[in-house]
Amino acid sequence: MSEAIAFMFDAPHALSDAERLELLGGKGKSLSDMTRAMGLPVPPGFTLGTGACRHYLRSGWSPAFDEAIETHLAQIEAMLGRRFGDAINPLLLSVRSGGAASMPGMMDTVLNVGLNADIVPGLAACSGGDAGFARDCLHRLHESFVKSVGHAPPDAPRAQLRAAIEAVFQSWNSERAKAYRRIEAIADDAGTAVNIQAMVFGNRDAMSGTGVVFSRNPSDGEPRIFGDILFQAQGEDVVSGAHQTIDIAQLPNRLPEAAAALDRCLDAIERHYRDLVDVEFTIESGKLWILQARPGKRSPEAAIRIAHDMALDPDFPLTRNEALDRVGHLLGAAARSRRIAGDESALGAGLGASPGVASGKLVTSAERAVELAAQGEAAILARPETSPEDIEGIAAAAGLLTSRGGLASHAAVVARGWGKPAVVGWGAMQFVEGGISVGDMRIDEGAILSIDGESGEIFAGELACETHLTPEAVVMMGWQDKPANGGAVQSALSDDELVLLVALKGFCPRDAAIEIGRLDGNALAAKLAGLGEFLDAASPRFIKATDVGKARGDQIVAAHRDAMGLDAARDRLAAFHIYNDAFKTLVTGWQMRPSDGAPVFNDHSDPDYDAGILGRMPGLHRDTLAWLEAVDPQGPLPFFRRRLETAFARLQAGEAPYLASPKVDSYHNIWFELHEYLIRLAGMTRAEAEGRQEAG
């Protein structure tokens, strides 16, 4: 390898932020930023770039890796006055992954690298003669090494280091990492960087600890720090969920100077990135060290409130337009689902880790959650704590419940990132064969359970809910309509989009046009007056396309086709068939239900049947939007995408007409128009498209 493959955290880079992210990964870039740009207390270290991982996965270990590691390791030794593998004054290392896209908990970490039985006495001597601390570090090395590498660590420190680095490289292609990338649409060929960093010890003494903290509440966006700490512990103890953590709010009571230093660091990091940040830290004998920072996974509700608050803060470097660019696509779906309080009694309560209410059948394995989701049934996945291997089950479940872990645990972080209700740390829950128990009560798998991810409460049976837009979403919708410099109200619907909307079916309900364009009646009338050649607005209920309007609609589609090419347009239509077939099946099931082996009109008198149908919508909606984003991130399809998001939010809020009613801008109406658009984009009629699909 001729290019540089390793970089000290404080190394200068003549690269853009995007280029450094691709080279160093998210964690490596943040360590570089915090060391050079912010001057924060970061333990020294270096990053093996993502190119090294790609080379390793193609060709195996390179001698160039050994040379780079020795060169950069010598710099750490010189900075700290300790030597790696030395029995008298040892340097220990952490070895962590760090891809360009955040993949929390998906890849491997090995801590306390460089320790063996011969070095334990030296580590103890360096820590004031604390042999128990040194033995604890050796035990932790064995635990993380066996978990990540697959066997006990060799005695030779450099052999440990190479094996740990290779384990991180290999974990890029672990099944859990591949599943997460598939769900999050992250490229498989990017590879991960590896960050090799001097260990600092949260398990050293009573004035030591480790934690994960968010600069604001990632569940609801409240502007206060949020997270967990464990005293006399190391980082994996916090994120694994295997230990009951302490609220970060308790830190000032125990270590006030470290707490004040953490507040200053969080403010600096948040302002540097102009966003919510998730920070891992360690306190060693009262001194604060920052180990990593990354954009914080957050619920949609929190994302909107955070962007709103930052944009309104005159001292914060984020404008209203930038805030809208960041979360504008979430506004239509920013519905807060809350329990309607009745006479139901909670079974108990844990920590509300991700807001929203979810109901479904209790399952205790990720595999069962996936099975139920495939059958169109909602599941509540209950686990002692989640691990990265549970990732597909978490994605499939309607909600997540754990008996252990805190607000910064793997389960909490992933659930918030996916906007999935979660309750963690319900210590009263015990796992028994075929279900769970709470005190003297047993709950079998398959029983309906509900969780409230805001209050942390757990209930038997389904809960009645109500949903409404958050106040911050309403305010930001106003920003969309009112330019920052003042001026006329702007519709969310351009003239061409309105003509196309009507031309695709030949007509559009007037109320639907008002809803889609976020217009009042007068504003719509003014817009229609300027489009009289194309649109006939004589009817009080419907807008119709004139012949000229239909021709204009064809011209708009033809321009889109010319921009992308006919072959690409037909590829899009062909790829859409799998989603269209799934949605047609779902809508048919909504409109007709089986009775004595024959379909009958669904009068919606069976709430369990309807809930089963609606339970299939989130997965289909997520997959469809991911496809739309992948094939057309900047083109005309966002016109349909934002409408689908709004209809889905109304549907999730309990407004059933937004599935298939012709009277509102329902999911079915939008879907029909999207399909019609794709057919015309491919230069076909509907009959030709259906014939080609049958022939295929």
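Along each chain, numbering runs from 1 in the same order as the chain's sequence is written. Selection of residues for local features in this predicted model requires a pLDDT of at least 70, selection of side-chain atom pairs for listing and counting requires 80 or more, and totals for whole chains, interfaces and linings are taken over all residues. Only hydrogens and water are set aside when side-chain values are computed; all heavy atoms of the structure are taken into account.

Participant: I'd like a description of the overall build of the protein, backed by residues and values.
Facilitator: Looking only at helices and strands, the protein features 27 helices and 30 strands. Against the globule reference of 26 Å for 696 residues, the protein gives a C-alpha radius of gyration of 28 Å, in line with a compact fold. Dimensions of the protein, computed from C-alpha atoms along their principal axes, come out at roughly 90 × 65 × 55 Å. Each residue's exposure class comes from its accessible area (1.4 Å probe, protein chains only) as a fraction of the maximum for that residue type: buried when under 20%, exposed when over 50%, partly exposed otherwise. By residue count, 50% of the 696 residues in the protein fall in the buried class. Pairs of residues are marked as contacts when any of their non-hydrogen atoms sit within 4.5 Å. Sequence separation of at least 24 residues holds for 65% of the intrachain contacts in the protein that already meet a minimum separation of 6. For the protein, the accessible surface area stands at approximately 29,200 Å², while carbon and sulfur atoms represent 51% of it. Note that His is not counted, nor are the chain ends; the positive residues are Lys and Arg, and the negative ones are Asp and Glu. We put the charge of a Lys on NZ, of an Arg on CZ, of an Asp on CG and of a Glu on CD. The average position of the 66 basic charges and that of the 93 acidic charges among the side chains of the protein differ by 3 Å. Here a strand is any run of E in DSSP of at least two residues, a helix any run of H or I of at least four, and the numbering for each starts at the N terminus. We compute the radius of gyration from the C-alpha atoms alone; for a globule the expected value is 2.2 Å times N to the 0.38, where N is the number of residues. Where accessible areas are quoted, they stem from the Shrake-Rupley method and a 1.4 Å probe; at the residue level, only the protein chains shown are allowed to cover.

Participant: Describe in detail the packing of aromatic side chains, supporting the description with residues and values.
Facilitator: The criterion for an aromatic pair is that two Phe, Tyr or Trp rings (for Trp, the six-membered ring) have centres within 6.5 Å, with stacked assigned to planes under 30 degrees apart, edge-to-face to planes over 60 apart and tilted to the rest. Summed over the entire model, instances satisfying the criterion amount to 13 aromatic pairs. Each ring, one from phenylalanine 576 and one from tryptophan 671, has its centre 5.2 Å from the other, and the planes form 35 degrees; the classification is tilted. Highlighted residues: phenylalanine 576 in helix α21 (residues 566–591) and tryptophan 671 in helix α26 (residues 667–681), separated in sequence by 95 residues. For the pair formed by phenylalanine 576 and tryptophan 671, the shared burial category is buried. Ring pairing ties together the aromatic residues Phe576, Tyr579, Phe583, Trp627, Tyr667 and Trp671, which thus form one cluster. Whether a charge lies above a ring is judged from NZ of Lys or CZ of Arg, which has to be within 6 Å of the ring centre and within 35 degrees of the ring normal. The ring of tryptophan 172 carries arginine 181 above its face, with NZ or CZ at 4.0 Å from the centroid.

Participant: Give a detailed account of empty space enclosed by the protein, specifying residues and quantitative values.
Facilitator: For each structure, a 1 Å grid was placed over the protein atoms alone; sets of points admitting a 1.4 Å probe that cannot get out are labelled cavities, open sets with protein on both sides within 12 Å along at least five of seven lines are labelled pockets, and lining residues have an atom within 4 Å of a point. Grid points are joined across faces, edges and corners, and a volume is the space filled by probe spheres set on the points. Applying the stated criterion across every chain yields a total of 3 cavities of 30 Å³ or more. Each pocket or cavity is described by its volume, and for the largest cavity that value is around 100 Å³. For the largest cavity, the lining is made up of 15 residues, of which Arg96, Met199, Val200, Thr282 and Leu291 are closest to its centre. Side-chain classes follow a simple rule in which Ala, Val, Leu, Ile, Met, Phe, Trp, Tyr, Cys and Pro form the nonpolar group, Asp, Glu, Lys and Arg form the charged group, and the remainder, Gly included, forms the polar group. Residue composition of the lining of the largest cavity, by class: 6 nonpolar, 7 polar and 2 charged. Space inside the second largest cavity adds up to approximately 50 Å³. Lining the second largest cavity are Leu501, Lys505, Cys508, Pro509, Ala512, Ile516, Arg643, Val664, Asp665, Asn669 and Glu673. Looking at the lining of the second largest cavity, the elements that each hand over two or more residues are α17 (495–505), β26 (507–509), α18 (510–517) and α26.

Participant: Outline helix α2 (residues 50–59), supporting the account with residue identities and numerical values.
Facilitator: Listed as buried for α2 are Thr50, Ala52, Cys53, His55 and Tyr56. Summarising the contacts, the buried residues of α2 are in contact with α1 (17–37), β2 (45–48), α3 (63–80), α6 (157–171) and β7 (192–198).

Participant: Lay out the sheet that holds strand β21 (residues 435–438) with the relevant residues and their values.
Facilitator: DSSP bridges decide pairing: two strands pair if at least two such bridges lie between them. Taking strand neighbours across the sheet as the criterion, the 3 strands line up as β20-β21-β22 in an open arrangement whose pairing is antiparallel. Both edges of this open sheet fall to β20 (429–432) and β22 (441–444), since each of them pairs with a single strand only. Averaged over all pairs of adjacent strands, the angle between strand axes in this sheet comes to 30 degrees, irrespective of strand direction. Sheet topology places β21 next to β22; 4 bridges connect them, and they run antiparallel. When the sheet's bridge partners are listed, isoleucine 436 is paired in β22 with isoleucine 443. Fitted lines through C-alpha atoms serve as axes, helices being fitted only where they are in contact, and the angles separating the N-to-C directions of these axes extend from 0 to 180 degrees.

Participant: Help me get a handle on the sheet that holds strand β27 (residues 535–536), residues and values and all.
Facilitator: Strand order in the open sheet formed by 3 strands is β26-β28-β27, and the pairing between neighbours is antiparallel. If you trace the sheet from one side to the other, it starts and ends with β26 and β27, each paired once. Inspection of the sheet shows β26 paired to strand β28 (residues 542–545) by 3 bridges, in the antiparallel sense. If you follow phenylalanine 507 over to β28, its bridge partner there is lysine 544.

Participant: Hey, could you go over α6 for me, with residue numbers and the actual values?
Facilitator: One turn of the α-helix equals 3.6 residues, which is why residues spaced by three or four share an orientation. In this analysis, the expected span of each helix is defined as 1.5 Å times one less than the number of residues it contains. With 15 residues, α6 should cover 21 Å at 1.5 Å per step; its first-to-last C-alpha distance of 21 Å lies within 8% of that length. Among the residues making up α6, those that are buried are Pro157, Gln160, Leu161, Ala163, Ala164, Ile165, Glu166, Ala167, Val168, Phe169 and Ser171.

Participant: An account of the pattern of salt bridges is requested, with residue identities and associated values reported.
Facilitator: Two side chains that carry opposite charge are able to pair once their charged atoms sit near each other. We define a salt bridge as a side-chain nitrogen of Lys or Arg found within 4 Å of a carboxyl oxygen belonging to Asp or Glu. Tallying each qualifying case throughout the model produces 35 salt bridges. Arginine 20 is paired through a salt bridge with aspartate 33; the nearest N and O atoms lie 2.6 Å apart. Each member of the pair, arginine 20 as well as aspartate 33, is classed as buried. The shortest N-O distance in the salt bridge between glutamate 166 and arginine 162 comes to 3.0 Å. On the criterion of helical spacing, the pair formed by glutamate 166 and arginine 162 is a turn pair, its members being 4 residues apart in helix α6. Look at glutamate 166 and you get buried, because its relative accessible area is 17%. Of the residues examined, arginine 162 reaches a relative accessible area of 35% and is grouped as partly exposed. One salt-bridge network, held together by shared partners, links Asp17, Arg20, Lys29 and Asp33.

Participant: Go over the pairing of strand β11 (residues 277–284), please, and point to the residues and values.
Facilitator: Put simply, side chains in a regular strand alternate between the two faces of the sheet. Within β11, 8 of the 8 residues are buried, which leaves the element mostly enclosed by the surrounding structure. Side chains Val277, Val279, Phe281 and Ile283 of β11 all project onto a buried face; the interleaved residues Asp278, Glu280, Thr282 and Glu284 project onto the opposite face, where all are buried too. Two strands pair when backbone bridges link them, and strand β8 (residues 209–214) and β11 are joined in this way by 6 bridges, in the antiparallel orientation. Residue glycine 209 lies in a different strand from β11, and its bridge partner there is isoleucine 283. The sheet contact formed by β11 and strand β12 (residues 287–295) spans 8 bridges and is antiparallel. Bridge pairing in β12 places aspartate 278 opposite arginine 294. Between β11 and β12, which pair antiparallel in sequence order, lie 2 residues; one of them, serine 285, sits at a positive phi of approximately 50 degrees.

Participant: I'd like a rundown of the side chain of arginine 416, residues and numbers included.
Facilitator: Looking at the secondary structure, you find arginine 416 in helix α15 (residues 410–417). Look at arginine 416: it is buried, it has no salt bridge, and the nearest opposite charge is aspartate 278 at 7.0 Å. Of the polar contacts made by the side chain of arginine 416, one reaches the backbone oxygen of alanine 353; its length is 2.7 Å. Not counting chain neighbours up to four residues away, the residues in contact with arginine 416 comprise Phe214, Pro218, Ser219, Phe226, Lys297, Arg298, Ser299, Ala353, Ser354 and Leu407. Each polar contact in these results corresponds to two N or O atoms within 3.5 Å; when the atoms are within protein, one needs to be able to donate a hydrogen and the other to accept it, and residues that are neighboring in sequence are counted only if both atoms are side-chain atoms.

Participant: Tell me about the packing of α2 against α6, and please be specific about residues and values.
Facilitator: Running from amino to carboxyl end, α2 crosses α6 at an angle of 85 degrees, the nearest separation of the two axes being 10 Å. Between α2 and α6, the angle is such that the two are roughly perpendicular. Between α2, through Ala52, Cys53, Tyr56 and Leu57, and α6, the contact on the second element is made entirely by Glu166, Phe169 and Gln170. Partitioning the contact of α2 with α6 into residue classes produces 5 nonpolar, 1 polar and 1 charged. Angles below 35 degrees are treated as roughly parallel, those above 145 as roughly antiparallel, those between 65 and 115 as roughly perpendicular, and all remaining angles as oblique.

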